[in-house]
Amino acid sequence: MTDRRTVLLAAGVAAVAAAAGAVGASAAQATDIRGAITFVGGKAIPEGHLEIYLEDPAIQDSARRRAAKISLKSEGGSKTIEFSLPLPASSTASPTLRIVARLERADGWLVARGSAQFEAGLPVHVTLKAVTY
């Protein structure tokens, strides 16, 4: 009797631990980088296509340098655009990660660019600066 109880108790503890581990792993994978984009001087962000991505300049392979990316549209009237970018699990350990934002016109010309260092758990603030050719 005691052996059977011990085995059942151990199996129950193992099942609970496995379920807790699965929930913890999915919560860790659901982590997002949250932040806001503004334009230098507090001006309205110009109209265009906004591309925001996570970049690690320490990686030499340009195909692997960008880990995550989202695209947003700027209508030209907002002073702040908030974003949420999925954080790949493999990117959390690198101290050189940064968030880059690029604003392009409809014809593909770069209007503004900005970047900020990524720190896990903190919101990111990126200020776009006008690009001059």
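Residues numbered from 1 in each chain as written. Predicted model: local features only at pLDDT ≥ 70, side-chain atom pairs only at ≥ 80, totals over all residues. Heavy atoms only, no water.

A. Structural detail: the overall build of the chain. Within the chain, the secondary structure is distributed over two helices and seven strands. Listing the helices and strands of the chain from first to last along the sequence gives α-β-β-α-β-β-β-β-β. Within the chain, contacts between residues at least 6 apart in sequence are counted, and of these 57% link residues at least 24 apart. Just so you have it, the chain exposes about 8500 Å², and 57% of that area is on carbon and sulfur atoms. (Helix = DSSP H or I, 4+ residues; strand = E, 2+ residues; numbered from the N terminus. Contact = heavy atoms within 4.5 Å. Areas by Shrake-Rupley, 256 points an atom, 1.4 Å probe, with all protein chains shown as cover.)

B. Geometry of the environment of Gly77. Mapped onto the secondary structure, Gly77 falls in the loop between strand 3 (66-74) and strand 4 (80-86). Given a relative accessible area of 60%, Gly77 falls into the exposed group. Through-space distance from the C-alpha of Gly77 to that of Ala44 is 5.5 Å; in sequence the pair is 33 residues apart. When sequence neighbours within four positions are dropped, the list of residues in contact with Gly77 reads Ala44 and Ile45. (Buried < 20%, exposed > 50% of the residue type's maximum accessible area, 1.4 Å probe, protein only.)

C. Fine view of the confidence of the model for the chain. Summary statistics for the chain give a mean pLDDT of 80 and a share of 70% for residues scoring 70 or more. Low pLDDT (under 50) marks residues 22-30, which in the prediction has zero contacts with non-local residues, meaning those over four places away or in another chain. (pLDDT = per-residue confidence, 0-100.)

D. Region of interest: the environment of Ile99. Looking at the element boundaries, Ile99 is found in strand 5 (residues 98-104). In this structure, the C-alpha to C-alpha distance between Ile99 and Leu85, residues 14 residues apart in sequence, is 9.4 Å. Ignoring anything within four residues of it in the chain, the contact list for Ile99 reads Ile33, Ile52, Tyr53, Leu54, Phe83, Leu85, Gly114, Ser115, Ala116, Phe118, Val124 and Val126.

E. The pattern of salt bridges, seen in detail. Evaluated as defined, the whole model comprises five salt bridges. A salt bridge links Arg102 to Glu104, with the nearest nitrogen and oxygen atoms 2.9 Å apart. Residue Glu104 is classed as partly exposed on the basis of its relative accessible area, which comes to 21%. Close ionic contact of Asp107 with Arg105 constitutes a salt bridge, the shortest N to O distance being 2.7 Å. By relative accessible area, which is 41% here, Arg105 ends up partly exposed. (Salt bridge = Lys/Arg side-chain N within 4 Å of Asp/Glu carboxyl O.)

F. Representation of the sheet that holds strand 3 in the model. Sheet architecture is open: seven strands sit in the order 3-2-5-6-7-1-4, paired in mixed fashion. Edge positions in the open sheet fall to strand 3 and strand 4, since each of these has one partner strand only. Averaged over all adjacent pairs, the angle separating strand axes in this sheet is 25°, with direction ignored. Relative to strand 7 (residues 124-130), strand 1 (residues 32-39) is paired through five bridges, and the arrangement is parallel. Looking across to strand 7, one finds that Ile37 is bridged to Val126. (Pairing = 2+ DSSP bridges. Axes fitted to C-alpha atoms, helices over the stretch in contact; angles between N-to-C directions.)

G. Just the pairing of strand 7, in detail. Sheet analysis places strand 6 (residues 110-117) next to strand 7, joined by two bridges and oriented antiparallel. The partner of Ala112 across the bridge, within strand 7, is Ala130. Taking the residues that link successive antiparallel strands as the turn, the strand 6-strand 7 hairpin has six residues, and the phi of Gly121 there is positive, at about 85°.

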